[in-house]
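Coordinate inspection notes
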Amino acid sequence: MFYSFIRVVARVIVAIINGNSHYLNKEKLPEGNYIIVGPHRAWFDMIYFALAASPKPFSFMAKKELFKNPILRFILKHANAFPVNRTHPGPSAVKTPVKWLRKRDISLIMFPSGTRHSQEMKGGVALIAKLSGVPIVPTVYQGPLTFKQLFTRKSVTVAFGEPIYPDRKAKMTEEYQNDLLSQMETEFEKLDQQIDPSFKYVDVSNHSNKQG
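Bear in mind that the values here come from a model prediction, so they are computed numbers and not experimental data.

What follows concerns the packing of helix H1 (residues 2-17) against helix H2 (residues 45-52). Pairs of packed helices are described in terms of their axes, by the angle between the two and the distance that separates them. At their nearest, the axes of H1 and H2 sit 11 Å apart, and the two run at 110 degrees to each other. What the angle tells us is that H1 and H2 run roughly perpendicular. Across the interface between the two elements, Tyr3, Arg7, Ala10, Arg11 and Val14 from H1 touch Ile47, Tyr48, Ala50 and Leu51 from H2. Classifying every residue of the contact of H1 with H2 by side-chain character gives 7 nonpolar, no polar and 2 charged.

This next bit is on the packing of aromatic side chains. What the rule picks out here adds up to 11 aromatic pairs. Centroid distance Trp43 to Phe147: 6.1 Å. Interplanar angle 35 degrees. Geometry classified as tilted. With Trp43 in the loop between strand E2 (35-37) and H2 and Phe147 in helix H6 (residues 147-150), this residue pair connects regions lying 104 residues apart in the sequence. The lysine or arginine in question, Arg104, covers the ring of Trp100, its NZ or CZ lying 4.4 Å from the ring centre.

Across a sheet, strands are paired by hydrogen bonds formed along the backbone, either parallel or antiparallel in direction. Reading across from one edge, E1-E7-E6-E2-E5-E3-E4 is the order of the 7 strands in this open sheet, with mixed pairing throughout. Of all strands in the sheet, those with a lone pairing partner are strand E1 (21-24) and strand E4 (81-84), marking the two edges. On average, adjacent strands in this sheet sit at an angle of 25 degrees to one another, irrespective of strand direction. Of the pairings in the sheet, the one linking strand E6 (residues 136-142) to strand E7 (residues 156-160) comprises 4 bridges and is antiparallel in character.

For the rest of this paragraph, the subject is the side chain of Ser59. On the secondary structure map, Ser59 appears in strand E3 (residues 58-63). When its relative accessible area of 3% is taken as the criterion, Ser59 is described as buried. Beyond its immediate chain neighbours, meaning those up to four positions away, Ser59 contacts Asn80, Phe82, Trp100, Ile106, Ser107, Leu108 and Ile109.

So, on to helix H7 (residues 174-195). An ideal rise of 1.5 Å per residue puts 32 Å on 22 residues; H7 measures up with 32 Å between its terminal C-alpha atoms. By the burial criterion, the buried members of H7 are Tyr176, Leu180, Leu181, Met184, Glu187, Phe188, Leu191 and Asp192. When H7 is viewed along its axis, its buried side chains cluster within an angular range of 160 degrees and face the same direction. For H7, the exposed residues lying more than 90 degrees away from the buried face are Glu174, Glu175, Glu189 and Lys190. Lining the buried residues of H7 we find E2, helix H5 (124-132), E6 and E7.

Among the nonpolar cores identified, the biggest contains 30 residues, and Ile36, Tyr48, Phe58, Ile109, Tyr141 and Phe160 are the most heavily contacted of them. The set of elements that each furnish at least two residues to this core consists of H1, H2, E3, E6 and E7. Per-element accounting of this core gives the leading share, 6 residues, to H2. Beyond its immediate chain neighbours, meaning those up to four positions away, Ile36 contacts Phe49, Ala53, Phe58, Leu108, Ile109, Met110, Val137, Thr139 and Phe160.

Quick notes on the rules
- Residues numbered from 1 in each chain as written.
- Predicted model: local features only at pLDDT ≥ 70, side-chain atom pairs only at ≥ 80, totals over all residues.
- Heavy atoms only, no water.
- Axes fitted to C-alpha atoms, helices over the stretch in contact; angles between N-to-C directions.
- Helix = DSSP H or I, 4+ residues; strand = E, 2+ residues; numbered from the N terminus.
- Parallel < 35°, antiparallel > 145°, perpendicular 65-115°, else oblique.
- Contact = heavy atoms within 4.5 Å.
- Nonpolar A, V, L, I, M, F, W, Y, C, P; charged D, E, K, R; others polar.
- Phe/Tyr/Trp six-rings, centres within 6.5 Å; stacked < 30°, edge-to-face > 60°.
- Lys NZ or Arg CZ within 6 Å of the ring centre and 35° of its normal.
- Pairing = 2+ DSSP bridges.
- Buried < 20%, exposed > 50% of the residue type's maximum accessible area, 1.4 Å probe, protein only.
- Expected span 1.5 Å × (residues − 1).
- Arc of directions from axis to C-beta.
- Core = buried A, V, L, I, M, F, W, Y, C linked by side-chain atoms within 4.5 Å.

In structure tokens:
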């Protein structure tokens, strides 16, 4: 109930602030649970991913430091977030989402690169998908990269790619993991081309630091 309430609030806020959202290829979303993965380009792209795939509910990882604040902890937990130590993830970073994907009607949003300021692909999403037996849905966001830019009402587009189904019988070797990551990267590129072939992602934070 709380998640549904938060989603309604988020949809209203997004409509007021920007009101120029477009969601492509929603018909490609699989039945049942799945993992949405995408390059992390803005701190709010996760919100757009969840809105684009609505009414499906989602869980997500949040750094454990955020759970120290009791009010924020209450909000995060009821919004289906679970804490993760990003420096030393530990078994729970895999066990919790696998358990939820198997036993609850809830999907997962992950960013394989880990943070907005790293384009290095991580293998955690591949392992979670394999252990839980759910497909991976490559997804991209194109639009404003800062909260301030959202107010310009520049177009926001979220596009879903072809689902990737990990082989549950395959060993999670480095070669197999890299193959899955390569498939994700290929889909990201296809989706960026579909939305806007001229699109080039610029890390706003790093760009600002260099200018300063």
